[in-house]
Amino acid sequence: MKKAVIISLLIAVCISGCGKNGEKTDQEAAGQTVAADAGISTYRTDTTPGAASQEITEVITDNSGTGAEFQAHFNEITVEGTVISIPISCKELETLGFERNFAQKETVGKGSSVTGYSSWKTENTSSFGMDYRFKGTEDSRPLEDCDVVSFLWDVDAAKDVEVVFYGGIHKDSTREEVAALLNEVYADEMGAQYSTELDEKGYSRLSVYFDKDQMVMVELYNCADYVE
């Protein structure tokens, strides 16, 4: 039940946050995640572009809450051995193996974002949520010429795809392992959320959600540079 509530809430925020024609304004896209200003221990895996994520090789303790290690690597995702850095152009993402199968619109307005879903090439039934934005002076741009600035992983929607986030976060990671990497937003017997933000509005952040002790969702946003 808790998982259904979490997923339903996130979907509702995504839909209700859209402006006209399915677009979200900068303020609406920011979300409401709040991270504590506390020190975290960060764990780094080998995320060389094009290489598979390796076992944890380095441990760095940082008391700033958002240390240099996190800032440099929080946006990296490894999907079936392929490293992806968000943001990434829509065309490059498709070249790496994703296929776009849904988008609210085929054009993106200036200062807005459009939400869509893509599947991984070897698992057509998988589904990953994404937001599209662009930098430029034009009033709008075709979706295929925009950048992917967020990556939402509902574990059940892509459970057969190997996905690894910053610090080795994966579907079997425990609360304790994630808490060592990200700040605790809330945690009780029913579930938990851990999140670290790089800006006060949450345009660049990594968040992990648990239903009881089972990870159910990870969302990564990195669009601060796209917001005026």
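Refer to the structure above for everything that follows.
Sequence order sets the numbering: in each chain, residues are counted from 1 along the sequence as written. Only residues with pLDDT of at least 70 are given local features in this predicted model, and only at 80 or more are side-chain atom pairs given and counted; all residues enter the totals for whole chains, interfaces and linings. Side-chain calculation: all heavy atoms of the structure are included, whereas hydrogens and water are not.

This brings us to the pattern of salt bridges. A carboxyl oxygen of Asp or Glu within 4 Å of a side-chain nitrogen of Lys or Arg is what we treat as a salt bridge. Applying the stated rule across the entire model yields six salt bridges. A salt bridge links Asp 145 to Lys 91; the nearest nitrogen and oxygen atoms lie 3.1 Å apart. Of the two residues, Asp 145 sits in the loop between β11 (140-142) and β12 (147-148) while Lys 91 sits in helix α4 (residues 90-96), which places them 54 residues apart along the sequence. Its relative accessible area of 49% is what places Lys 91 among the partly exposed residues. As a salt-bridge pair, Asp 213 and Arg 175 come within 3.2 Å of each other at their nearest N and O atoms. With Asp 213 in the loop between β17 (204-211) and β18 (214-222) and Arg 175 in helix α5 (residues 175-179), this residue pair connects regions lying 38 residues apart in the sequence. We classify Asp 213 as exposed; its relative accessible area is 61%. For Arg 175, a relative accessible area of 13% corresponds to the buried category. Through salt bridges that share partners, Glu 94, Arg 100 and Glu 106 make up one connected network. Put simply, DSSP marks the helices as runs of H or I at least four residues long and the strands as runs of E at least two long, and each gets a number from the N terminus on. The cut-offs for exposure are 20% and 50% of the maximum accessible area for each residue type, with area from a 1.4 Å probe on protein chains only; residues under the lower value are buried, those over the upper are exposed, and the others partly exposed.

This part is about the environment of Met 215. Within the secondary structure, Met 215 sits in strand β18. For Met 215 and Ser 173, which are 42 residues apart along the polypeptide, the C-alpha to C-alpha distance reads 7.2 Å.

Nine residue types can take part in a nonpolar core, namely buried Ala, Val, Leu, Ile, Met, Phe, Trp, Tyr and Cys, and a core is a set of them joined through side-chain atoms within 4.5 Å. Counting 41 residues, the largest nonpolar core has Phe 128, Phe 151, Trp 153, Phe 165 and Leu 206 as the members making the most contacts within it. Residue contacts are counted whenever heavy atoms from the two residues lie within 4.5 Å of one another. Apart from the residues within four sequence positions on either side, Trp 153 is in contact with Phe 128, Ala 158, Val 161, Val 163, Phe 165, His 170, Lys 171, Met 215, Val 216, Met 217 and Val 218. The next biggest cluster of nonpolar side chains, apart from the first, holds five residues, and it includes Tyr 203, Cys 223, Tyr 226 and Val 227.

Looking at where Arg 133 falls in the secondary structure, it is placed in strand β10 (residues 123-133). Spatially, the C-alpha atom of Arg 133 lies 9.7 Å from that of Thr 107, the residues being 26 residues apart in sequence.

Peptide bonds are mostly trans, and most non-glycine residues show a negative phi. The linkage connecting Ile 86 with the following residue, Pro 87, adopts the cis geometry, with an omega of 5°. Along the polypeptide, Pro 87 turns up in the loop between β5 (82-85) and β6 (88-89). One non-glycine residue, Glu 80, adopts positive backbone phi at about 50°. Of note, Glu 80 is situated in the loop between β4 (76-79) and β5. Positive phi, normally seen in glycine, also occurs at Lys 212, with a value near 55°.

Buried residues dominate β18, accounting for eight of its nine residues. Sheet analysis places strand β13 (residues 150-154) next to β18, joined by five bridges and oriented antiparallel. Across the sheet, residue Asp 154 finds its bridge partner in β18, namely Met 217. Bridging between β17 and β18 involves eight bridges; their strand directions are antiparallel. The residue of β18 that forms the bridge with Ser 207 is Glu 219. Hairpin connection of β17 to β18: two residues between the antiparallel strands, including Lys 212 at a positive phi of 55°. Strands qualify as paired when DSSP identifies two bridges or more between them.

Tracing the backbone through its elements, the reader meets Thr 125 in strand β10. Given the relative accessible area of 71%, Thr 125 is considered exposed.

Attention shifts here to the state of the cysteines. The definition used for a disulfide is geometric: two cysteine sulfur atoms within 2.5 Å. Evaluation of the coordinates by the stated rule reveals zero disulfides. No disulfide involves Cys 90; its sulfur sits 7.8 Å from that of Cys 146, the nearest cysteine.

Let us look at the packing of aromatic side chains. Where two aromatic rings form a pair, the distance of their centres and the angle of their planes describe that pair. Whether two aromatic rings pair depends on their centres lying within 6.5 Å, for rings of Phe, Tyr and Trp, where Trp uses its six-membered ring; planes under 30 degrees apart make the pair stacked, over 60 edge-to-face, and the rest tilted. For the structure shown, the criterion picks out ten aromatic pairs. Measuring from ring centre to ring centre gives 5.0 Å for Phe 98 and Trp 120, while their planes differ by 70°; the resulting arrangement is edge-to-face. Remark: Trp 120 occurs in strand β9 (residues 112-120) and Phe 98 occurs in strand β7 (residues 98-103); sequence separation between them is 22 residues. When sorted by exposure, Phe 98 lands in the same class as Trp 120, which is buried.

Right, let's get into the sheet that holds strand β14 (residues 163-164). Ordered in space as β5-β4-β14, the three strands form an open sheet in which the pairing is antiparallel. Of all strands in the sheet, those bounded by a partner on one side alone are β5 and β14. Here β4 runs beside β5; their pairing, made up of four bridges, is antiparallel. Paired with Thr 78 across the strands is Val 83, a residue of β5.

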